[in-house]
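# Structural overview
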Amino acid sequence: MNIKHHLQDDTLLAYAAGNLPEAFNLIVAAHVSLCDECRAVVESYDSIGGAIIDNTEVADVSADSLAQTLARLDTVTREPRSTPRPGTLPAPVQNYIGGDLDAVRWRPVGMGVKQAILSTSDTASARLLMIPAGVAIPDHSHEGTEMTLVLKGAFQDEDDRFARGDIEVADGSVSHTPVADIGEDCICLAVTEAPLKFKGFLPKVVQKLVRI
Amino acid sequence: MLTEIQSRESSIRPTRNRVGSESIVLNIAMDKQRPIQKTLSGSDPDWVALMQRVRDHQDRAAFSDLFTHFAPRIKGFLIKSGADATMAEECAQDVMTTLWRKADQFDPTRASVATWIFTIARNRRIDMLRRQNRPEPEELPWGPEPEPDQADVIALQQDSVLLTEALKTLPAQQRDLIEKAYFGDLTQSEIASLTGLPLGTIKSRIRLALDRLRHLMK
């Protein structure tokens, strides 16, 4: 896959080290599912975790710990290797939806844009967005970091074009107007630290209702 | 018994460009490929071979050797990550049980046994301390060949030994910072300062292993 926009090393390190909120873990896992370049970086950061396990101070386990664990093995069913799941949504996203695109329960948010909020811990939020072909997501800025991963179609912002597998990272200072390609509807996974603020798009009270 | 522990999720603030951010560059001559004194068949047991016996023969003696070596390290790691001793002991047992349950998924061309155990322990920690799942990337297709090339296995395992040695030789302050990141103790901006980790050749080796897996499926 020809991916042009990747995650930065510090985000991949934070993912490997286990330091990210759930919603960001999800979008990193989804991008890495599509991007072997970033997967190799994550797995090499994992190997630093291995080195830390190798070097770490040991804490003695109790005398019967091994015997207890051996007894538990009798009750364990071995898991076969998992196989890749075909579909538009990468497996980690499918796990949150309970299926592929056809299982998504979309809610309209205006201008033909639809969203589906995924249930994650509340320090950050994750949603799928469906932007009709040729439609612009209204000019918005946000508090904190927003990451947007394209899963279908493509969008264009002021600087660049983003297609399947590409991830856009924007911080709070960026105000931008992504426009979906004219050819087909664009489906993205978007993760934010804080709620989006749309400029004059919907009254605040409606924003609360639809949890934009 | 699980007790409530404050979640340690840090706020994420990736810097859009890395130029200008203060960074600590670690000087490690990993790429020079100095000769390895400590080989896999040297003082350390061959953990990969033990894992393969667990995988292929459900070998409990091999499992016991792995447990004796790694369980106290997992427990130590979890205590450093904020678990109390009782919880850490229980979770170390869980991690070793997962190693048995998922033995088929261990790929020695992409991870050492310690690395694979780290990923299981990290996920268990997130589950335990935050009551969250950690979304994992989609598994890559496994090729029709059941056994990876032995040369690839040895190369990756040797890289891992080098990495462990490289970490040991870092100045204490830098090593502490890296460890804190992996114990879940750093904020995102502190993590952003950790550039130039001593990865050596391991990334390119893993990349090749991924290419090979993709290629096998075509």
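Conventions used here
- Residues numbered from 1 in each chain as written.
- Chains lettered and ligands numbered in written order.
- Predicted model: local features only at pLDDT ≥ 70, side-chain atom pairs only at ≥ 80, totals over all residues.
- Heavy atoms only, no water.
- Helix = DSSP H or I, 4+ residues; strand = E, 2+ residues; numbered from the N terminus.
- Buried < 20%, exposed > 50% of the residue type's maximum accessible area, 1.4 Å probe, protein only.
- Areas by Shrake-Rupley, 256 points an atom, 1.4 Å probe, with all protein chains shown as cover.
- Polar contact = N/O pair within 3.5 Å; in protein donor to acceptor, adjacent residues only side chain to side chain.
- Contact = heavy atoms within 4.5 Å.
- Buried area = accessible area lost by both parts, 1.4 Å probe.
- Salt bridge = Lys/Arg side-chain N within 4 Å of Asp/Glu carboxyl O.
- Phe/Tyr/Trp six-rings, centres within 6.5 Å; stacked < 30°, edge-to-face > 60°.
- Lys NZ or Arg CZ within 6 Å of the ring centre and 35° of its normal.
- Axes fitted to C-alpha atoms, helices over the stretch in contact; angles between N-to-C directions.
- Parallel < 35°, antiparallel > 145°, perpendicular 65-115°, else oblique.
- Left-handed = near helix turned anticlockwise from the far one by under 90°.
- Nonpolar A, V, L, I, M, F, W, Y, C, P; charged D, E, K, R; others polar.
- Disulfide = S-S within 2.5 Å.
- Pairing = 2+ DSSP bridges.
- Core = buried A, V, L, I, M, F, W, Y, C linked by side-chain atoms within 4.5 Å.

## A word on the overall build of chain B
Scanning chain B for helices and strands turns up 8 helices and 0 strands. When the elements of chain B are put in sequence order from the N terminus, they spell out α-α-α-α-α-α-α-α. Residue burial in chain B is summarised as follows: out of 218 residues, 51% are buried. On chain B, roughly 10,200 Å² of surface is accessible, and the fraction owed to carbon and sulfur atoms is 50%.

## Points about the side chain of aspartate 94 of chain B
Considering the arrangement of structural elements, one finds aspartate 94 of chain B in helix α3 (residues 85-101). Overall, the relative accessible area of 17% leaves aspartate 94 of chain B in the buried class. Only 2.9 Å separates the side chain of aspartate 94 of chain B from the side chain of arginine 72 of chain A, close enough to count as a polar contact. Each residue touching aspartate 94 of chain B, except ones within four places of it in the same chain, is listed here: Arg72 of chain A together with Arg124 of chain B.

## Considerations on the interface of chain B and chain A
The interface of chain B with chain A comprises 83 residues on the first partner and 75 residues on the second. Both faces considered, chain B and chain A share a buried interface measuring about 7,700 Å² in area, 53% of it formed by carbon and sulfur atoms. There are 9 salt bridges connecting chain B and chain A. With its nearest N and O atoms 2.7 Å apart, the salt bridge here joins glutamate 43 of chain A to arginine 110 of chain B. Counting across the interface, chain B meets chain A through 35 residue pairs in polar contact (both at pLDDT 80 or more). Listed by contribution, the elements that provide at least two residues to the side of chain B that touches chain A are α1 (47-57), α2 (60-80), α3, α4 (113-130), α5 (150-169), α6 (172-182), α7 (188-192) and α8 (202-216) of chain B.

## Looking at the packing of aromatic side chains
Throughout the structure, instances matching the rule amount to 8 aromatic pairs over all chains. Aromatic rings pair up to connect Phe77, Phe118, Tyr182 and Phe183 of chain B into one cluster. Here the guanidinium or amino end of arginine 78 of chain A rests over the ring plane of tryptophan 100 of chain B, the centre of that ring lying 5.1 Å away. Residue placement shows arginine 134 of chain B over the ring face of tyrosine 15 of chain A; its charged tip is 3.7 Å from the ring centre.

## Focus: the pattern of salt bridges
Residue and element names in this part refer to chain B. A complete count under the given rule lists 25 salt bridges over all chains for this structure. A salt bridge links aspartate 127 to arginine 124, with the nearest nitrogen and oxygen atoms 3.1 Å apart. Here aspartate 127 and its partner arginine 124 are both found in helix α4, 3 residues apart, which amounts to about one turn of the helix. The partly exposed category is assigned to aspartate 127, whose relative accessible area is 34%. Here lysine 168 makes a salt bridge to glutamate 165, at a shortest N to O gap of 3.6 Å. Of the two residues, lysine 168 and glutamate 165 both sit in helix α5, 3 residues apart, roughly one turn of that helix.

## Points about the packing of helix α3 (residues 36-55) of chain A against α5 of chain B
The interhelical angle for the contact between α3 of chain A and α5 of chain B, taken along N-to-C directions, is 65°, at an axis separation of 9 Å. Considering their axes alone, α3 of chain A and α5 of chain B lie roughly perpendicular with respect to each other. Along this stretch, α3 of chain A crosses α5 of chain B, giving a crossing that reads as right-handed. Residues Ser47, Ile48, Ala51, Ile52, Asp54 and Asn55 of chain A of α3 of chain A lie in contact with α5 of chain B, whose contacting residues are Leu163, Thr164, Leu167 and Lys168 of chain B. Here the residues of the contact of α3 of chain A with α5 of chain B sort into 5 nonpolar, 3 polar and 2 charged.

## As for the state of the cysteines
Residue and element names in this part refer to chain A. Enumeration over the complete set of coordinates arrives at 0 disulfides over all chains. Left unpaired, cysteine 188 is separated from the closest cysteine sulfur, that of cysteine 186, by 3.5 Å. Assessed through its relative accessible area of 1%, cysteine 188 is described here as buried.

## Some thoughts on the sheet that holds strand β8 (residues 167-170) of chain A
Residue and element names in this part refer to chain A. Taken in spatial order, the 6 strands of this open sheet run β1-β2-β3-β10-β5-β8, and their pairing is antiparallel. Only two strands of the sheet have a single neighbouring strand rather than two, namely β1 (107-110) and β8. Taking the axes of each pair of neighbouring strands and ignoring which way they run, one obtains an average angle of 30° across the sheet. With 6 bridges joining them, strand β5 (residues 146-152) and strand β10 (residues 186-192) adopt antiparallel strand pairing.

## Concerning unusual backbone geometry
Most peptide bonds take the trans form, and the phi angle of most residues other than glycine is negative. A positive phi is found at methionine 111 of chain A, a non-glycine position, where the angle reads about 60°. Of note, methionine 111 of chain A is situated in the loop between β1 and β2 (113-118). Accessibility expressed as a relative area gives 56% for methionine 111 of chain A, which makes it exposed. One non-glycine residue, arginine 131 of chain B, lies in the positive phi region at around 55°. When you line up the elements, arginine 131 of chain B lands in the loop between α4 and α5.

## What to know about the nonpolar core
By size, the foremost hydrophobic cluster in this structure holds 105 residues, and its most contacted members are Tyr45, Ile48, Leu128 and Leu189 of chain A together with Leu66, Phe70 and Tyr182 of chain B. In this structure, Ile137, Val150, Phe162 and Ala190 of chain A belong to the second largest nonpolar core, which totals 13 residues.

## Description of the pairing of β10 of chain A
Residues and elements named next belong to chain A. Of all 7 residues in β10, 7 are buried; the element is thus mostly enclosed. The two faces of β10 match: Cys186, Cys188, Ala190 and Thr192 on one face and Ile187, Leu189 and Val191 on the other face are all buried. Relative to β10, strand β3 (residues 125-131) is paired through 7 bridges, and the arrangement is antiparallel. Within the sheet, the bridge partner assigned to serine 125 lies in β10 and is threonine 192.

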